[in-house]
Amino acid sequence: MSENAPTAVSTLILGESHCTAISRAIVDSGETNLTAIDVRVGAGPSKINEELFANLNPCRLILAFGGTEHNILGLVEAEPRFDFIWPPFEDFIGDRCLVPASALEELLAWRMHSALTRALSVRERFSCPVYALAPPPAFRVVDERAKLPSAFNDLLAAGIAPGTVRRKLYAMQCDLARAAYAKEDITYIPAPPAAVDEDGYLLRALWNKDPTHGNRTYGRLVVDHLKDVLDA
Amino acid sequence: MPERASRRRHPYAGQPDRQFWRKEPGLNDMARFDPVGATSFDIERDDKVVTAGSCFAQHVARFLANAGFNFLVTETPHPLLSDKIAADLNYGLFSARYGNVYSTRQLRQLLERAYGTFAPIVGAWRRPDGRWADPFRPQILPGGYVSPLEVEHDRELHLAAVRRAIEEMSVFVFTLGLTETWTDRRDGAAYPLAPGVAAGDYDEDIHCFVNLDVGQVAEDLQWSLDFIRSRNPGVKFILTVSPVPLNATAIDRHVAVSTAYSKAVLRVAAEQVTAANALCDYFPSYEIITSSFTRSTYYADDLREIRSEGVKHVMSLFLKHYAGASGDAQPSVPQARASTPDITRERTRKSEALMQVLCDEEAIDNAL
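What counts and what doesn't
- Residues numbered from 1 in each chain as written.
- Chains lettered and ligands numbered in written order.
- Predicted model: local features only at pLDDT ≥ 70, side-chain atom pairs only at ≥ 80, totals over all residues.
- Heavy atoms only, no water.
- Helix = DSSP H or I, 4+ residues; strand = E, 2+ residues; numbered from the N terminus.
- Rg over C-alpha atoms; globule rule 2.2 N^0.38 Å.
- Buried < 20%, exposed > 50% of the residue type's maximum accessible area, 1.4 Å probe, protein only.
- Contact = heavy atoms within 4.5 Å.
- Buried area = accessible area lost by both parts, 1.4 Å probe.
- Salt bridge = Lys/Arg side-chain N within 4 Å of Asp/Glu carboxyl O.
- Polar contact = N/O pair within 3.5 Å; in protein donor to acceptor, adjacent residues only side chain to side chain.
- Nonpolar A, V, L, I, M, F, W, Y, C, P; charged D, E, K, R; others polar.
- Pairing = 2+ DSSP bridges.
- Axes fitted to C-alpha atoms, helices over the stretch in contact; angles between N-to-C directions.
- Parallel < 35°, antiparallel > 145°, perpendicular 65-115°, else oblique.
- Left-handed = near helix turned anticlockwise from the far one by under 90°.
- 1 Å grid on protein atoms, 1.4 Å probe; cavity = no way out; pocket = protein on both sides within 12 Å on 5 of 7 lines; lining within 4 Å.
- Points joined across faces, edges and corners; volume = space filled by probe spheres on them.

A. Fine view of the overall build of chain A. Summing up its helical and strand segments, chain A has 6 helices and 7 strands in all. Element order for chain A, N to C, with α for helix and β for strand: β-α-β-β-α-β-β-α-β-α-α-β-α. Here the C-alpha atoms of chain A give a radius of gyration of 18 Å, agreeing with the 17 Å that 2.2 N^0.38 yields for 232 residues. Projecting the C-alpha coordinates of chain A onto the three principal axes gives extents of approximately 60 × 35 × 35 Å. The buried share of chain A, reckoned over its 232 residues, is 56%.

Below you can see the structure in the form of C-alpha cells.
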C-alpha cells in the first residue's frame, strides 16, 4: 500500500473492462474532474489491484464492475432457441421456447453475483456517496465491421440471438443490478439515453469490432451523461 | 324337499387369510402388512408411467424412476436452467408441471383445458408481490410470472406437454386427494387453492366453495378415464387415495371430521370407478398408512405428513405387485430431463470463457 497522503479526486470511476472506453474518453477530453481506473490492471481476471486506487480520496465513487453477464447467457443462440417476456418488452418470437423470466432472473443474478461482490468490496474502502454505472446496451445486429476472435467461430456458427432477446436480457441485468445496489444505498445510473436508437439498441457508431464493449465515443457520451446526472 | 347341501360350512369358510383380521401377519410384524390384492396388469420397464394427483402422488414418481421404470416427463426445462433451478420450478415433480391435482374436478378440467374444450374466464391471478400466478397451478413458479402474457405463453407449453403425456402414456397413476375445492361461479373453474391464499383476490360474489360428493367425484373421474381412453385406448389406470389429512377445512366443523368425510367419499368413488372399468386398479396406499396394522407410526410429528418409512412401505408393495420387485423401494431425485450431453450448457461455458477474453482484450483492442 502507498504511504503517501491521499490524493483528492472529484469523481472516481472504478471498474473493469467497461471502464476502458471511459478512461480513453477522459484522456481525449482532458477532463480533470473524472478519473477512471480498470482495477484489474496488474491483478488478472476477476481480481482487484487495490494499489491502483489506495491513495485516492474521491468526493464521489462510481462502480462499473461486470456487465457482460447478459451476453454470456444470451449472445449466442441456445439449443433450443429461447425467448422470454420482460415488461415493458412483451414481444415474443412465437416459434421459440419460453423460458420463465423469473428463472432467467435467478440464473442471471447468480452470474452477476461475483461482480457485485467485487464492487461492494471496493466500495467498503470509501465513505463518499457511491453510484453504479450500467454497462453498454445491447447492440442491434452483428455486421461485417464486427470482428470477434477466431475462438468464437464455433459459437458464432450457432448464430447470434436476435436483438429483441438480447435487449430484454440487458434490461433484466440492469433491473437486477439496480435492485441489488439499492439495497446497499448505491444509486444506479443507466446508460446514456443518447447512446441508444429508438428501439433501445446501442448506436452502431458507439462500438467497433467487439459488440460487447462501447468505444471511446461511447465513453465520451458516458462522461457527459455522468456529469449531467451527478450535477443535477 | 331337503335343502341342497352347501359345499362350504359358511361363506367365510376356506377364504384366503387376507380376508381375516386375525390372520394378517401385520398384527405381529407391521412390515409384513400387505393389503394389496390381485392386480389386473403388470407394469413393464418400458411402460411409460404418468402420475398426477395430490402431493402423495409425487412419491410414486420418485420411487418409480429409481426402480428403473419409465417415468414419463413431457415438460422439460430449457437446458440453460441448472438442475437446482429446474427443481425449484417443479420440473420433473410430475409428468408435466400441473402441480398438485387435488380433486377429480381439477383433473377433468385439466384435460378439458388441454384439449381446448374449456377456456376459463380468468387466466392469471395477481400475487401480493405484484407478479402473476397461473390460477390452476398457483405455486408452480416460485418467482412468479412477470405478466399475464407470460402466464399465457407458459400455459400453452404446459398444456401441450399434458397432451403429449396423455397420448404417450401406458399407465396413469392418479391419487385422489380432496373433495373440498373453490370454484368460479361464472364458469365453474375449479382451483387447487382458494383465491387469495397464494395469489388472486377472494370475492364472495365470484368464488364459491364446493365440497364434492361421491356422485360428483365418481362422475368427474369416470369422465376423465373415458376421455383419456378416447385419446389413448391402451392406457391402464391405478387409482389411489392420499392418506394425508386435510390441512384445513372450509366447513365450520373440526378438520378431522372433514378429513373423514373427504377420504370416505374419495375411497368410495375410487371403488366404484375401479369396479366399472377394465384394467383399472385401486391401490391401497391409503389403507397401508392409515390402517391400525401400521399403528399410526407412519405419520410424522405433525400427524399429517407421511414419514419416509411409510412411503417406502407403500412403494415397496407397489413395485412388488406391479413389477415383481422385491426389497425396499428407494426414492430418487426427480429427473426432469435425460442425462444427455447438453449443447447449450457447453455453449454457455465457452461463451463465458470467451467473454473473458473480450474483456481482457478490451484494454488493448478497442481503442479506435
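B. Structural view of the interface of chain A and chain B. The interface of chain A with chain B comprises 50 residues on the first partner and 41 residues on the second. Together chain A and chain B conceal approximately 4000 Å² of surface at their shared face, both sides included; 63% is due to carbon and sulfur atoms. Where chain A touches chain B, the interface holds 2 salt bridges. Close ionic contact of Glu 106 of chain A with Lys 84 of chain B constitutes a salt bridge, the shortest N to O distance being 3.9 Å. If you look at where chain A meets chain B, you find 5 residue pairs in polar contact (both at pLDDT 80 or more). Those elements that provide at least two residues to the side of chain A that touches chain B are α1 (19–29), α2 (69–74), β5 (97–98), α3 (101–123) and α4 (153–158) of chain A. If you tally residues by element for the side of chain A that touches chain B, the top one is α3 of chain A, at 8 residues. Looking at the side of chain A that touches chain B, its residues break down into 27 nonpolar, 11 polar and 12 charged.

C. Spotlight on the pairing of strand β6 (residues 180–184) of chain B. Residue and element names in this part refer to chain B. With 5 of its 5 residues buried, β6 lies for the most part within the structure. Sheet topology places β6 next to strand β8 (residues 207–211); 5 bridges connect them, and they run antiparallel. Across the sheet, residue Asp 184 finds its bridge partner in β8, namely His 207. Pairing of β6 with strand β7 (residues 190–191), which is carried by 2 bridges, proceeds in the antiparallel orientation.

D. Just the sheet that holds strand β2 (residues 34–38) of chain A, in detail. Residues and elements named next belong to chain A. Sheet architecture is open: 5 strands sit in the order β2-β1-β3-β6-β7, paired in parallel fashion. Of all strands in the sheet, those with a lone pairing partner are β2 and β7 (187–189), marking the two edges. The mean angle between the axes of side-by-side strands here comes to 30 degrees, regardless of whether they run parallel or antiparallel. Summarising the sheet, strand β1 (residues 7–15) and strand β3 (residues 56–64) pair through 8 bridges and their orientation is parallel. Residue pairing in the sheet places Thr 11 in a bridge with Arg 60 of β3.

E. Fine view of the packing of helix α5 (residues 214–231) of chain B against helix α6 (residues 255–276) of chain B. All names here are of chain B. The N-to-C vectors of α5 and α6 enclose an angle of 40 degrees; their axes lie 9 Å apart at closest approach. With respect to α6, the element α5 is oriented oblique. Where α5 crosses over α6, the handedness of that crossing is right-handed. On α6, the residues touching Val 214, Val 217, Ala 218, Leu 221, Gln 222 and Leu 225 of α5 are Val 265, Leu 266, Val 268, Ala 269, Gln 272, Val 273 and Ala 276. Within the contact of α5 with α6, the residues separate by chemical class into 11 nonpolar, 2 polar and no charged.

F. Here's a closer look at α1 of chain A. Every buried residue belonging to α1 of chain A is among Cys 19, Thr 20, Ala 21, Ile 22, Arg 24, Ala 25 and Ile 26 of chain A, and all of these are buried. Directly after α1 of chain A, the chain includes Gly 30 of chain A, whose backbone phi takes a positive value near 70 degrees.

G. Spotlight on the sheet that holds β7 of chain B. Strand order in this open sheet of 3 strands is β7-β6-β8 (chain B), and the pairing throughout is antiparallel. Where the open sheet ends on each side, the last strands, each with one partner, are β7 and β8 of chain B.

H. A look at empty space enclosed by the protein. Residue and element names in this part refer to chain B. Per the counting criterion, the structure on display carries 5 cavities of 30 Å³ or more. Estimated volume of the largest cavity: approximately 90 Å³. What lines the largest cavity is simply Tyr 98, Val 101, Gln 106, Gln 109, Leu 110, Arg 113, Phe 136, Arg 137, His 158 and Ala 190. Taken together, Val 50, Ala 52, Tyr 98, Leu 107, Leu 110, Leu 111, Val 162, Ala 165, Ile 166, Phe 172 and Ile 228 make up the full set of residues lining the second largest cavity. If you list the elements that add at least two residues to the lining of the second largest cavity, you get β1 (48–53), α3 (104–114) and α4 (148–168).

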